[in-house]
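# Results of the structural survey
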Amino acid sequence: QVQLVESGGGLADAGGSLRLPCAASGRSLSSYGMGWAREAPVKVREFVAAISWRGGSTVYADSVKGRFTISRDNAMNTLYLQIDSLKPEDTAVYCCAARLRNYGLGTTAAAYDTWGQGTQVTVSS
């Protein structure tokens, strides 16, 4: 059984940076596409970023392009999300996800079948 555990969230100032790791256990995820989504209060889960199994291809939501960077270390079975130039509207629970039942990049939250519990990011203005 695959488990995804996010960390690195917390309270940050607008304009600052955070790096969110997502550690996978139970199976190597090196053959699968992975991604990040976020859930803000009273909003639906929003796709943020996706990365191919080797890391050679990435996709970002328009709202985060140029500020967020997704990466992965398959040897460590870990996914990362680097968030720069934080904005108050980035406040949300950030969840990592894997596509274990399909190949390729998932560019919507619905494309993922395995999720972590999430880590809270709160940005103060």
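Residues numbered from 1 in each chain as written. Predicted model: local features only at pLDDT ≥ 70, side-chain atom pairs only at ≥ 80, totals over all residues. Heavy atoms only, no water.

Another point: the sheet that holds strand β7 (residues 68–73). An order of β1-β3-β8-β7 is seen for the 4 strands of this open sheet, with the pairing classed as antiparallel. The sheet terminates laterally at β1 (3–6) and β7, the two strands that pair on one side only. Strand-to-strand, the axes of this sheet are offset by a mean angle of 15 degrees, without reference to chain direction. Bridging between β1 and strand β3 (residues 18–25) involves 4 bridges; their strand directions are antiparallel. Across the sheet, E6 pairs through a bridge with C22, a residue of β3. (Pairing = 2+ DSSP bridges. Helix = DSSP H or I, 4+ residues; strand = E, 2+ residues; numbered from the N terminus. Axes fitted to C-alpha atoms, helices over the stretch in contact; angles between N-to-C directions.)

It is worth spelling out the state of the cysteines at this point. Here the structure, examined in full by the defined rule, presents 1 disulfide. In this model, C22 is linked to C96 through a disulfide, with the two sulfur atoms separated by 1.9 Å. Its torsion about the S-S bond being 45 degrees, the disulfide of C22 and C96 is classed as right-handed. Taken as a pair, C22 in strand β3 and C96 in strand β9 (residues 92–98) lie far apart in primary sequence, 74 residues in all. The burial state of C22 is the same as that of C96; both residues are buried. Cysteine C95 is unpaired, with the sulfur of C96 as its nearest cysteine sulfur at 7.7 Å. (Disulfide = S-S within 2.5 Å. Buried < 20%, exposed > 50% of the residue type's maximum accessible area, 1.4 Å probe, protein only.)

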